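Structural characterization, general
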Amino acid sequence: MNISYSSTRGDQKKLTPSEAILKGIADDGGLYMPDSIPKIETSLEELSKLSYRELATEILRPFVWDFTEEELRRCIDGAYDEKFDIKEIVRTKQAGGAYFLELFHGPTIAFKDMALSILPYFMVTASKKNRVDNDIVILTATSGDTGKAALEGFKDVEGIQVIVFYPKGGVSRVQELQMVTQTGDNTHVVAIHGNFDDAQTGVKNIFADPAYRQTLSDKGYQFSSANSINIGRLIPQIVYYFAGYFDMVRQGAAKLGDPIQICVPTGNFGNILAAYFAKEMGLPVSRFLCASNENKVLFDFLSSGEYDKNRELILTGSPSIDILISSNLERLIYLFADRDAEAITRYYTALRENGRFSVDSAVKERFQAQFRGVFATEEETAKAIKKVYDESRYLIDTHTAVAYHAFDTLRDTSDVPTLIASTASPYKFANKVASALEERYAGVEDLDLIEVIREYSGQDVPKTVQEVREGRITQDKECDVSDMQSTITDILTNLKQ
Ligand SMILES: *Cc1c(COP(=O)(O)O)cnc(C)c1O
């Protein structure tokens, strides 16, 4: 049986994979979910022998069954090529008593490349398949990494415009420079006077506004999303958990079939949800560690069953997880509530109106049976960077350090080997990483610490870092949160002239 996709909030329409990818988010504000998670039919033994691209083909096929074999292969070959700086695409390093799954070898040196290098191919294929005549406008809110990865992925793709909103002052200097030096005729970057949640909520509201959708449609445009609310973002992320597991087996950490524990620095809950999907497909996973920074909404939710966003967003040294509204959590609550769309609608109406909701105890117990939350303070994050370096001469970024802290905290509670999602290169957060090692770097700008990172990490300076050093600022738009819609209108109107 082919899977279909429908909204977590009860819209009964069943979409094909390509329709769900094109649409991004459902009209009722819900997220698309497959009606079942396919079990992998090939044995782990067989899968373990495959290259990254072959593995991706096996895992993605059932999720995008309306793509021909040839179309799927073109998507995968186009995505996972030389723009990654290692031929394995991802690799796993043992350090500090854990296994770090390096997901940052793509063009923007954060894990968002793993999905955003393939999403444009998905989108173009889906668009042809559904005979879409409109141009597609990819609307994206970013906490720092999605924006650049989407800009790079969609740059100069025919029939697509990309508009990225990022929180002014809420991203690292390298992240900001990566975006504002973006080239490409179809790329648009806007700094908003607000935080990431403002940007994300603004984008979701624009998606959910039927009148505005119609206005744009009259002008020949339709929206889609490059955020992890798009199912086409989520699915490619399943692949690397299998790849990481097989790396661990090859390194002798586990025998094929033995369980591992997966630990993920979490913001929008997309990456860790992909790990959960991997488990449902057949990857042996005993437990998921959900690591937060001081914005510990998810930690509190996993402890109490209450999701409460009524708190100030704290700007930390791990800005990509400075998030209070963790979108993809909705998908797992939906699964754990046995797909009770009415309950989800109730929860998310409460979230909109009061900023909080509590799940039923049965749902809470299902979370607690498989997920453990831990949060790291800024000090603990810095200590984690230093600890891994001192122990193993291995340099991790701040987000990965948040995850390492979670692993280290719960180390004694399990004998199972741990795979940590290493989500960004230390080059991206040079100031925070260098000052965790030596205090004297505390006040020094990211770009003045590149040499320091190079020495400590022993890794070449990535191409994107060289480019931001030399790049010209080409994007300088700013707007208030209340003006996001009119800013989009202006951008699209100016194009047509
Ligand atoms: C986006 C991001 C995360 C969080 O991933 P989610 O899927 O939003 O939970 C963690 N680390 C880095 C470096 C990121 O860019």
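Higher on the page you've got the structure.
Residues numbered from 1 in each chain as written. Predicted model: local features only at pLDDT ≥ 70, side-chain atom pairs only at ≥ 80, totals over all residues. Heavy atoms only, no water.

Let's talk about the pattern of salt bridges
Counted by the stated rule, this structure contains 34 salt bridges. In this structure, Lys49 and Glu45 form a salt bridge, with 3.7 Å as the shortest nitrogen-oxygen distance. Salt bridges sharing partners connect three or more residues here, namely Arg53, Glu70, Arg73, Arg74 and Asp77. (Salt bridge = Lys/Arg side-chain N within 4 Å of Asp/Glu carboxyl O.)

Structural notes on the nonpolar core
If you look at the biggest cluster of nonpolar residues, it comprises 116 residues, and the most contacted ones within it are Phe154, Tyr241, Phe242, Phe269, Ile333, Phe367 and Phe371. Element by element, the count of residues in this core is highest for helix H12 (residues 236–250), at nine residues. Excluding anything up to four places from it in sequence, Phe367 contacts Phe269, Phe301, Leu302, Leu329, Leu332, Ile333 and Phe336. Counting residues in each nonpolar core, the second largest holds 41 residues, with Ala110, Ala291, Phe407 and Tyr441 among its members. (Core = buried A, V, L, I, M, F, W, Y, C linked by side-chain atoms within 4.5 Å. Buried < 20%, exposed > 50% of the residue type's maximum accessible area, 1.4 Å probe, protein only. Helix = DSSP H or I, 4+ residues; strand = E, 2+ residues; numbered from the N terminus. Contact = heavy atoms within 4.5 Å.)

Structural notes on helix H16 (residues 341–354)
Here H16 spans 19 Å end to end across 14 residues, near enough to the 20 Å set by a 1.5 Å rise per residue. Buried within H16 we find Ala341, Ala343, Ile344, Tyr347, Tyr348, Ala350 and Leu351. Against strand S11 (306–308), helix H15 (329–336) and strand S12 (356–358) lie the buried residues of H16. N-cap assignment for H16: the residue whose side-chain oxygen lies 3.2 Å from the backbone N of Glu342 is Asp340. Directly after H16, the chain includes Gly355, whose backbone phi takes a positive value near 75 degrees. (Expected span 1.5 Å × (residues − 1). Polar contact = N/O pair within 3.5 Å; in protein donor to acceptor, adjacent residues only side chain to side chain.)

Concerning the sheet that holds strand S13 (residues 371–375)
Sheet architecture is open: six strands sit in the order S3-S4-S14-S9-S10-S13, paired in mixed fashion. In this open sheet, the two strands that pair with only one neighbour each are strand S3 (91–95) and S13. Taking each pair of neighbouring strands and ignoring which way they run, the sheet shows an average axis angle of 25 degrees. Bridge count for strand S9 (residues 260–265) against strand S10 (residues 285–292) is six bridges, and the pairing is parallel. When the bridges of S10 are listed, Cys263 appears paired with Leu289. In the packing of helix H13 (residues 270–281) onto the sheet, the strands contacted are S9, S10, S13 and strand S14 (418–422), and the crossing angle to S10 comes to about 175 degrees. In the packing of helix H14 (residues 297–304) onto the sheet, contacts are made with S10 and S13, and the angle to S13 comes to roughly 135 degrees. (Pairing = 2+ DSSP bridges. Axes fitted to C-alpha atoms, helices over the stretch in contact; angles between N-to-C directions.)

Notes on the packing of aromatic side chains
Throughout the structure, instances matching the rule amount to 26 aromatic pairs. Where Phe336 meets Phe367, the ring centres are 4.8 Å apart and the plane angle is 80 degrees; that geometry is what we call edge-to-face. Remark: Phe367 occurs in helix H17 (residues 361–370) and Phe336 occurs in helix H15; sequence separation between them is 31 residues. Taken as a pair, Phe336 and Phe367 share a single burial class, namely buried. Three or more aromatic residues joined by ring pairs form one cluster here, namely Phe269, Tyr276, Phe288, Phe301, Tyr307, Phe336, Tyr347, Tyr348, Phe357, Phe367 and Phe371. Lys296 extends its terminal NZ or CZ atom over the ring of Phe375, reaching a point 5.3 Å from the ring centre. (Phe/Tyr/Trp six-rings, centres within 6.5 Å; stacked < 30°, edge-to-face > 60°. Lys NZ or Arg CZ within 6 Å of the ring centre and 35° of its normal.)

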